[in-house]
Structures are given as C-alpha cells and as structure tokens.
Amino acid sequence: YGREGRVSTNGDVYSFGIMLMETFTRKKPTDEVFSGEMTLKRWVNDFLPISVMEVVDTNLLSQEDKHFTTKEQFMKVIDANLLTREDNYFMTKEQRVSLVFNSAMERTVESPK
C-alpha cells in the first residue's frame with residue numbers, strides 16, 4: 001500500500017489505527033521486540049483482554065492524568081461519537097485508554113489492498 005505508492009482511503013484508515021497504537025504505546029512497528037510473527041498490532045491485541053495498562057505508555061497517564069482532563073481533549077484523539085459527556089465523567093483511565101486501543105484495532109482489522 002503506502003510503500004508501494006498506492007494511496008487509498010483503506011490505507012489511510014489502517015495507517016491511522018497503527019499510528020494510534022504507536023502514540024499510545026510509545027512503540028514503533030519496527031522496534032526490535034516486533035520480529036517474526038509478533039507485530040505491534042498483534043502485541044496490542046494479545047494484551048487488550050488481559051489489561052490495557054500492560055501496553056499503554058505510562059507517561060500518558062502520569063502527572064494527574066493531564067492528557068485526558070476534559071472531554072474535548074480526549075475527543076481530539078478518538079471519534080467524537082464514542083462517548084457522551086456522562087460516559088466520560090464516570091470512566092476510569094483504563095476504560096478511556098481501552099477505547100482508544102479498541103478504536104485502533106477496528107481500523108486495522110484488514111490490511112489495505
């Protein structure tokens with residue numbers, strides 16, 4: 001897709017999902033830990049059912065959770081249709097971050113053609 005010079009909406013959506021994973025894990029698909037069958041996408045997917053906190057970059061959640069202090073800030077990261085104001089008020093850090101990773105996984109279900 002991108003490396004081969006083919007541009008498509010599917011490729012953009014897939015890339016956005018990977019970019020979300022990179023941003024929230026602070027890892028790149030080219031990191032040494034990802035070799036053979038293990039990819040960034042598989043790593044995130046394997047840990048999501050166990051604990052999203054195993055993959056999230058802990059720097060994002062430190063300093064009084066300053067990165068997710070308001071609904072508006074959080075909505076810049078994920079689709080605005082995922083949460084209502086009431087949902088955001090009662091959500092834990094783990095639930096909010098889990099939404100981001102789930103959103104990323106949905107966008108990377110299929111590799112672009």
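Everything below is about the structure shown above.
The rules behind these values
Residues numbered from 1 in each chain as written. Predicted model: local features only at pLDDT ≥ 70, side-chain atom pairs only at ≥ 80, totals over all residues. Heavy atoms only, no water. Helix = DSSP H or I, 4+ residues; strand = E, 2+ residues; numbered from the N terminus. Contact = heavy atoms within 4.5 Å. Core = buried A, V, L, I, M, F, W, Y, C linked by side-chain atoms within 4.5 Å. Buried < 20%, exposed > 50% of the residue type's maximum accessible area, 1.4 Å probe, protein only. Salt bridge = Lys/Arg side-chain N within 4 Å of Asp/Glu carboxyl O.

S.K.: Tell me what's going on with the overall build of the protein chain, and back it up with residues and numbers.
M.R.: For the protein chain, the count of helices and strands is five helices and zero strands. In the protein chain, the succession of α and β elements from N to C terminus is α-α-α-α-α. Look at the contacts in the protein chain between residues 6 or more apart in sequence, and 56% of them connect residues 24 or more apart.

S.K.: Any chance you could break down the nonpolar core for me, citing the residues and the numbers?
M.R.: Counting residues in each nonpolar core, the largest one holds 19 residues, and the members touching the most others are Met 21, Val 44 and Phe 101. If you list the elements that add at least two residues to this core, you get helix H1 (9-25), helix H2 (40-47) and helix H5 (93-107). Ignoring any residue separated from it by four or fewer positions in sequence, one finds Met 21 in contact with Arg 26, Leu 40, Lys 41, Val 44, Phe 101, Ala 104, Met 105 and Thr 108.

S.K.: Break down the pattern of salt bridges for me, with residues and values.
M.R.: Scanning all chains against the criterion turns up one salt bridge. Put simply, Arg 42 and Glu 37 hold a salt bridge, and the shortest N to O gap is 3.4 Å. On the basis of relative accessible area, Arg 42 is assigned to the partly exposed category, the value being 38%. Glu 37 sits in the exposed class, given a relative accessible area of 63%.

Remember, this is a structural readout, not a statement about activity or role.
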